[in-house]
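Examination of the molecular architecture
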Amino acid sequence: MGRRGSRGLQAPPPLTFRRCALSMIGCAVLLAVINLYMNLVSSYTMPAMQLDLSPDGDIVGFHQFDLPPGVHQRPRKAKHPRDISLDSPSAAAHTETSCIGLCPHAASTQTQESYVKSLVQSRMRNLPSNTFAIGPSNINIEPLAAASTPTNFSSVWRTVSGWSKARQITPANLDSDAMRLLFSAISTAEIIASSVPKRGTQLKLGLDLQGGQKALLKPGRYERNWTAPTDTPYSGADRHNGEIAAFHLAQLLQLNRVPVVAGRRVNVERELLGTADATLKATFFHQASKSGVGEQACFFGQCLYCRKEDAICASPAGSIESAIILWLTEPYATLKAMRSPWARTYDESRPAPWIVSPNYCEKVMKDEFFGQAPVFLDLMDMAVFDFIIGNADRHRLERFSGVEPPMILLIDNGKSFGNSQTDEISILAPLYQCCRVRTKLYSLLLRYSEIDFASVLNNRLRFDALFPILTDQHLEAVNRRVRIILMVLAACIESHGISNVVQNDGF
Ligand SMILES: Nc1ncnc2c1ncn2[C@@H]1O[C@H](COP(=O)(O)OP(=O)(O)OP(=O)(O)O)[C@@H](O)[C@H]1O
Ligand SMILES: [Mn+2]
């Protein structure tokens, strides 16, 4: 016979009829009180609020604004029928919990994504038709990068490396002179060596630049007006112009977490084949030029998706366009990778848990790493950034290894600016499932929604050697997506109150 330990189970008290009846009456009274309270709360919906900002963007107060007609305010008591485990979409718990994000009514058969989409669409209908127009673009279509070539490249790279801190890799205000010098250095530094980097699955090269800087080269494959197919939100190969535009957009949003990127026209024979190591050289070949005159040099590198049929070939002038991404330097070059909580499965038949469960955010909030400050609001920043650039491919997240406080880097923005006509609302899932945003980003978005933000972005892109970087349609999409984000946040604020939604975690 086994011995009962000191923390063994106590025998339950005898369950008499009187004890049972008394506790049932007590429970009924308690339930009635809770129900009365919940009805009172749900009949009161928060008004839509907007932040009042000082000219410097500081929050000086809140004010109420009217909702466009036809927009229904959701009661705070919204419930949904499913609660699904973070790891296994099939393990539905079927418990009812209140929704912390934007959820369709419990009785609705609508998915959360289509609910948010229709909510945005109803608000869009009430906007004037010229809302997203961009200013007279390309006033001067010359790039501004043609500053004098730096003489001391290593000093430029040292400056860039000195920018890295725990919570930034670029300074908050990169002024015109700094941009001119930096982009001129990137587009003129001699390429000393080129190789096949053992990172990622897409075609790219590793470069050693004059002055001791390492970089990645992502080759241009598409024309500026190429449009990504809409079969999946992540269709097509990397866009080099997307990497460039994303860098500048991040700077404007004060998300200083994107490594420095600049465009460069590179001569394929001289600068790449002429500097290639044996592995890279083995992937070069020549073929008859498409123009019919002479030959063109092509390469296809070595990676999961690197195939001879998809080689990159030199233009008739012998060059290719490319995005040059400066490699981070120690102690900020050792990265720790993790799977994004909002990663896609890339398999329609196997929906990710966040697609199936409108309450997914609660799980993320409870996660030891992703739920902590400042990581959690970094995820909201990420959703805003990715939605504006149209990047539905943020599958892996990276942070500096061993550096505190942690920061979610925004590395790999190649799958951006693919389709200017589609606003992929599912990229905003972290935002509409959590209904949280950092005060700093929210105030910037409000400010940018009142101006022609895309033209501000375009003006910065003029510093790049490959300007123009974005078509007018993509610029218009930037203006439109900023408004869409604010519409989603307005709905969050109506449902949950501004103090729950707009949060300051001190970062
Ligand atoms: N500027 C940089 N500094 C340091 N490391 C970098 C930098 N850029 C990229 N990396 C590292 O190289 C990896 C591959 O880069 P990237 O993600 O751009 O390639 P990819 O081929 O698009 O990858 P994937 O196929 O996973 O999407 C990154 O995950 C990161 O670890
Ligand atoms: Mn990628």
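Not measured: the values here are computed from a predicted model. (Residues numbered from 1 in each chain as written. Chains lettered and ligands numbered in written order. Predicted model: local features only at pLDDT ≥ 70, side-chain atom pairs only at ≥ 80, totals over all residues. Heavy atoms only, no water.)

**Focus on the pattern of salt bridges**
- Across all of its chains, the model carries 25 salt bridges by this definition.
- Note that Lys218 and Asp238 form a salt bridge whose closest N and O atoms lie 3.7 Å from each other. Of this pair, Lys218 sits in strand S7 (residues 213-219) while Asp238 sits in the loop between S7 and helix H5 (240-252), and the two are 20 residues apart along the sequence.
- Notably, a salt bridge pairs Asp381 with Arg438, separated by 2.7 Å at the nearest N-O pair. Taken together, the residues Asp381 in helix H10 (residues 375-389) and Arg438 in strand S15 (residues 437-438) connect sequence positions 57 residues apart.
- Looking at Asp381, the relative accessible area reads 1%, which means it is buried.
- One network of salt bridges, with partners in common, ties together Arg167, Arg257, Asp378, Asp381, Arg438 and Asp505. (Salt bridge = Lys/Arg side-chain N within 4 Å of Asp/Glu carboxyl O. Helix = DSSP H or I, 4+ residues; strand = E, 2+ residues; numbered from the N terminus. Buried < 20%, exposed > 50% of the residue type's maximum accessible area, 1.4 Å probe, protein only.)

**Overview of the sheet that holds strand S9 (residues 284-288)**
- Pairing in this open sheet of three strands is antiparallel, and the strands run S9-S10-S11 from one edge to the other. The sheet is open, and its two borders are formed by S9 and strand S11 (312-313), each paired with just one other strand.
- As paired elements, strand S10 (residues 295-299) and S11 share two bridges and run antiparallel to each other. Within the sheet, the bridge partner assigned to Phe299 lies in S11 and is Ile312. (Pairing = 2+ DSSP bridges.)

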